[in-house]
Amino acid sequence: MPKDTPRPVLRIGVLGCADIAVRRILPAIVEHPSVRLVALASRDRARAERLAARFGCAAVTGYKALLDREDINAVYVPLPPGMHHEWVTEALTAGKHVLVEKPLSTTYAQSVELVAMAGRLGLALTENFMFLHHSQHEAVRAMAGEIGELRVFTSSFGVPPPDPSSFRHDTRLGGGALLDVGVYPLRAAQLHLAGELDVLGACLRVDEATGVDVAGSALLSTATGVTAQLDFGFQHAYRSVYALWGSRGRLSVPRAFTPPREHRPVVRIEQQDRLTEVTLPADHQVGNALDAFASAVHSETVRASLGEALLRQALLVEQVRKAARVVSG
């Protein structure tokens, strides 16, 4: 497509009315110039109608009915992780491009199946890690030379306990801290560490009442011995950070994963006898994530690279789970 030719508008439907969709994704879709919200589906007709009226789109009862619509060429899937494999499969079978909330699925085998299916059908399949599309991370990579050779990457993502009725407490729906918040530090480690990562060890704390993991840690390493020390959970005070520690200093990002749209990130560079704080421009990572999804829809090359990243992430998550010492608590 020539550079001066505008992209066709992506006509999107939404499977489910999850909180993240209502708070962050639906408002961004409505205001995005290259994406049009056509319809949203819920198994609860009244809920679908309320949200459709709020966001100016059609209400649909049932997910299959939305996928049958010919006026939609893409879907956003914010369902619980345990439902992703089924409904991403259904969406791809219906010929729809898919933007799915992280994680893509609950197992590596399922992720392999979905990536292969999207490739065969020539459809975009994107995992919605919005933080990857915030400009602060590119700025951090540009500043990394200030700290010399990287020795250690650390990251923590923790949140207060979710509502007891949340799917996060239900193993059948893919609940647990590893799939909910642990995936963020794992993805951030891949963003800043070169090459493949090996899982050296891990620990998961499992709630005896629900059977889901509520907290954990993992130690990873590159082939050259640069380590990644990662912590996560939802029994914590809120924390969303990562840091790069090098031979000449340390660079930290205090609002790494969920900065508000208006937030101007402050990156700290600590050296021997100097502390530098760099204030970066605000950015809209949700809108940028929609831009990236549209790019994948229109580019086979982008789709191929996304598939590789999806599988690396899914494999790491599975390796952490397999390597973990499980404790009750």
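Above this text is the structure in question.
The notes below deal with the structure included here. (Residues numbered from 1 in each chain as written. Predicted model: local features only at pLDDT ≥ 70, side-chain atom pairs only at ≥ 80, totals over all residues. Heavy atoms only, no water.)

Topic: the sheet that holds strand 4 (residues 74–77)
Phase 1 of the analysis: Strand order across the open sheet formed by 6 strands is 3-2-1-4-5-6, with parallel pairing between neighbours. Of all the strands in the sheet, just strand 3 (58–61) and strand 6 (125–127) have a single pairing partner and so form its edges. The average angle at which neighbouring strand axes cross in this sheet is 25 degrees, direction not considered.
Phase 2 of the analysis: In terms of strand pairing, strand 4 meets strand 5 (residues 97–100) through 4 bridges, oriented parallel. Along strand 5, the bridge assignment pairs V77 with V100.
Phase 3 of the analysis: Against the sheet, helix 4 (residues 84–93) touches strand 1 (10–15), strand 4, strand 5 and strand 6, its axis set at about 155 degrees to strand 5. (Pairing = 2+ DSSP bridges. Helix = DSSP H or I, 4+ residues; strand = E, 2+ residues; numbered from the N terminus. Axes fitted to C-alpha atoms, helices over the stretch in contact; angles between N-to-C directions. Contact = heavy atoms within 4.5 Å.)

Details of the packing of aromatic side chains
Phase 1 of the analysis: Tallied over the full model, the rule gives 10 aromatic pairs.
Phase 2 of the analysis: Between F131 and Y184, the aromatic rings sit 5.9 Å apart at their centres with planes inclined by 40 degrees, giving tilted as the arrangement. Of the two residues, F131 is situated in the loop between strand 6 and helix 6 (135–143) and Y184 in helix 7 (residues 177–192); the sequence distance between them amounts to 53 residues. Here F131 and Y184 have matching classes, each one buried. (Phe/Tyr/Trp six-rings, centres within 6.5 Å; stacked < 30°, edge-to-face > 60°. Buried < 20%, exposed > 50% of the residue type's maximum accessible area, 1.4 Å probe, protein only.)

Some remarks on the nonpolar core
Phase 1 of the analysis: If you look at the biggest cluster of nonpolar residues, it comprises 44 residues, and the most contacted ones within it are F153, L186, L220, Y242 and L251.
Phase 2 of the analysis: Considering each element in turn, this core owes the most residues, 9 residues, to helix 7.
Phase 3 of the analysis: Setting aside its immediate chain neighbours within four residues, L220 contacts L186, L197, D198, V199, L200, V226, T227, A228, L230 and L316. (Core = buried A, V, L, I, M, F, W, Y, C linked by side-chain atoms within 4.5 Å.)

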